[in-house]
Every structure is written in C-alpha cells, then in structure tokens.
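# Coordinate analysis (summary)
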2 protein chains.
Amino acid sequence: MPRTVDAAERRRQIAEAVWRVIRRDGVPGASVRAVAREAGTSMGSLRHWFATQDELLHFAMTLVVERARARGEAAASAGGPLVARLLRVLEETLPLDDERQAETEVWLALTARALVDPRLAELRDRSAAELHAFCGDVVRVLTEAGEARSGLDLDLEAERLYAVLDGLAVHAVSRPTALPADRARQVLAAHLDSLRDTG
Amino acid sequence: MPRTVDAAERRRQIAEAVWRVIRRDGVPGASVRAVAREAGTSMGSLRHWFATQDELLHFAMTLVVERARARGEAAASAGGPLVARLLRVLEETLPLDDERQAETEVWLALTARALVDPRLAELRDRSAAELHAFCGDVVRVLTEAGEARSGLDLDLEAERLYAVLDGLAVHAVSRPTALPADRARQVLAAHLDSLRDTG
C-alpha cells in the first residue's frame, strides 16, 4: 500500500475489510487478526483503527450509523408521497437485504456487549437516541401534515414506533424463516397505517 | 455437599449460583469458573451441567424460559378482568424488576450469540416460537371475547404485538433511563388498548 494513501481512503479500505469479514463469519468471527488478513495488512498497522475486538465492534457500529443515516437521508429526499417516503426511511433500519442484515447483526452484538462495556454503551446510547428521535419526527411530521389520527400521544407513539422497529429488526435477523423481509415490511407499514386517519 | 442430594436439588443450587453471578457481573462475567466459585464447588463437578460459557448461557436461558413461563401461568390464572390479566402476563416478559432485568440480559446475549451458534439458535427459536404463539393467543382471546376491534388481521397483529414486546424489552434493558419500567408498561398497555374496541 503506497504511503501517500490518505486517511479517508485507508479508513474506507479497512471498513470494507471489516464488513466482508462480518458478513462472512459473523461478529464473533471478526477478530482483529481476521480483519488484518482480509485487508492484506499487518496487525500492527491496524492498531491505529482498533486494538481489540470491542474496538473493532465500535468501529463497525460507527459505520452502521453512518451508512444507515446516509441511506435514510437519500430515501427522505427521494420525493414521492409523504407516508411512502417515511416508510422507506424507516425500512432503511430493517435487515431487508444482505447489507442491512450484517448491519443489524452488528447492532445486536453491540447492544448485548454494551450491557457490560461503558465505551460501547456510549455509542449504543447515541445511535439509540438518534433512531428514537427519528421515530418522534415521523409521528410529528404525520401529525403536522394532517395525516395522523387525532388525539395521538406523540411521545408515547414515538416510543411505540421505535419498539416496533427494533422488535422487527431483532426478529427479522434472528428468525428470518418465521419473519421474512417482506413480512417485516408489511407489519411496519400496518403500524404506520394504524397511526393514520385512515387506519 | 452430601452424595444423597438429588439431581433436582443440585440443579436448583447451580441455577441459583448462575443467577447470582449474572446479576452481579453480567453475562460476559459469568464464566464456568465464576459459577463454580459462587456455588462453592469444583470446575470438574460443574461439567455435568455445562463445560463452556456457551453451554452455561444455554443453561441460563433454559432457566429464563422456565421462570417466565411459570410467572406467566401464575398471572394468567390469578383471575380478574380479561384485559388486565393479559397485560399482566405480557408484562412478565419485560425487564420491570431486577430479576426480569437479569433474564432479559440473558435473552439478549443469547439472541446475539445464537447468530453464530446453532445449538443456541435452536433454543432461541424455541423460546421465540413460544412467545410468538402467546402473542397470537392474546390477539385471539381478545377477539373471541368480543374485546378486539373488528377486522383485525390476527396473524399480523400477533407479529406486531411480539415486535412491540421484544422492542420494549431491548429498550428497557439497554436504555433504562430513557425508558423506565413504568413507561415500558404504559406503552405496552397503550398498544393492547389500540387493539381493542375502545382503542
């Protein structure tokens, strides 16, 4: 690897190696050694990015948040009817394809490990707060657009939508035969519908 | 420990030691060595119950399922109005006190680890199928009692209730400050209400 490769490009290469390993071997198989081998580099040169598997998981989760946010913003600005657009943005957090499946596995591993690792907990809290706030935005936008049922408790509905979203994510990633991608999408759509005037 | 201690009593003692360790040190701290120390026994004599941390997690999750089922059955047969009773049974799966907090941590750890361990996956699938079926029962019982909104899609509502339940469990255990026990209970009650005629 030439010395002139800049930090952003290097980060992208490492990130892709992390991603390939996680998709192939799952989170527990993504050791620092495995990522070094995949990236064709030495353990030593990976130290700048992460030294332990928890730091690797932290790095991977940072990527998940960046990727989900980028896809969400793209879906939000794609145009089309409001409700369909909100649904598409919400779907970006569900494991509906291989890429989002790997992301959800990272999120689930992080959520479990964060129970005993304060550094991971801080990242989990930040990403949870972001998704929770987004659920609040969805309920508020529906209401302001006159699309929501009257008398909705906005805070409670934000919490309930967030629970549906993460519950579906856990189930779609852990029992894909019982809850295939299309079914998860259908349940989410039904939930959004239930918040609407026509629900 | 006298040789006459029977298997059931021995299992109860080991189970309690597992539980004390998990509540004190979290799932990652619950090594076979730590449990042996807590139970005042040798590593060798624990081999009958579990030899590795994954087997220990399997043992702990079996206990979670047994305990939650026993509490659920007690709540179901406690009498009182139907909807309040269903709500109490559903609440038995939420981390609303220290004991259920530890159980939810075990469940979350198992769900994450089961993504790469087929033996844990089999247990996760069984406990998921049980809870999913119970959510189906709740929707069906509400409907048969004439308490449900007309036109409910029973299968879809079972899946949605199950998502709300596990989503709230993940959130209540991982962000207890943002979602305290009382709030999780309130969101679950609101969801059950939304399935009702009066919702």
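Remember, it's a predicted structure, so these values are computed and weren't measured experimentally. (Residues numbered from 1 in each chain as written. Chains lettered and ligands numbered in written order. Predicted model: local features only at pLDDT ≥ 70, side-chain atom pairs only at ≥ 80, totals over all residues. Heavy atoms only, no water.)

### Description of the pattern of salt bridges
Residues and elements named next belong to chain A.
- Summed over all chains, the structure comprises 48 salt bridges over all chains.
- Between Arg196 and Glu147 there is a salt bridge, with its nearest N and O atoms 2.9 Å apart. With Arg196 in the segment after helix 9 (181–194) and Glu147 in the loop between helix 7 (118–144) and helix 8 (154–174), this residue pair connects regions lying 49 residues apart in the sequence.
- One salt bridge in this structure joins Arg160 and Glu157, with 3.0 Å as the shortest N-O distance. (Salt bridge = Lys/Arg side-chain N within 4 Å of Asp/Glu carboxyl O. Helix = DSSP H or I, 4+ residues; strand = E, 2+ residues; numbered from the N terminus.)

### What about the interface of chain A and chain B?
- On the chain B side, the residues contacting the 37 residues of chain A number 37 residues.
- Both sides together, the interface formed by chain A and chain B hides about 3,000 Å², and carbon and sulfur atoms give 71% of it.
- When residues of chain A are sorted by the area they lose upon contact with chain B, Leu115, Glu159 and Arg160 of chain A head the list and together hold 18% of the total.
- Where chain A touches chain B, the interface holds two salt bridges.
- For the salt bridge of Glu159 of chain A with Arg175 of chain B, the shortest nitrogen-to-oxygen distance reads 3.2 Å.
- The tally of links between chain A and chain B comes to ten residue pairs in polar contact (both at pLDDT 80 or more). (Contact = heavy atoms within 4.5 Å. Buried area = accessible area lost by both parts, 1.4 Å probe. Polar contact = N/O pair within 3.5 Å; in protein donor to acceptor, adjacent residues only side chain to side chain.)

### Details of empty space enclosed by the protein
- If you walk through the whole model with that rule in mind, you get three cavities of 30 Å³ or more.
- Counted as a void, the largest cavity has a volume near 70 Å³.
- What lines the largest cavity is Trp107, Thr111, Arg124, Asp125, Ser127, Ala128, Tyr162 and Asp166 of chain A together with Val170, His171, Ser174 and Arg175 of chain B.
- Those elements that place two or more of their residues in the lining of the largest cavity are helix 6 (98–113), helix 7 and helix 8 of chain A together with helix 8 (154–174) of chain B.
- The greatest single-element share of the lining of the largest cavity, amounting to four residues, is contributed by helix 7 of chain A.
- Here the lining of the largest cavity is composed, by residue class, of four nonpolar, four polar and four charged.
- Empty space within the second largest cavity amounts to approximately 40 Å³.
- Residue assignment for the lining of the second largest cavity shows that the elements contributing at least two residues are helix 1 (7–29) and helix 6 of chain A.
- Per-element accounting of the lining of the second largest cavity gives the leading share, three residues, to helix 1 of chain A.
- Considered class by class, the residues forming the lining of the second largest cavity number six nonpolar, one polar and one charged. (1 Å grid on protein atoms, 1.4 Å probe; cavity = no way out; pocket = protein on both sides within 12 Å on 5 of 7 lines; lining within 4 Å. Points joined across faces, edges and corners; volume = space filled by probe spheres on them. Nonpolar A, V, L, I, M, F, W, Y, C, P; charged D, E, K, R; others polar.)

Nothing here speaks to function; it is all geometry.
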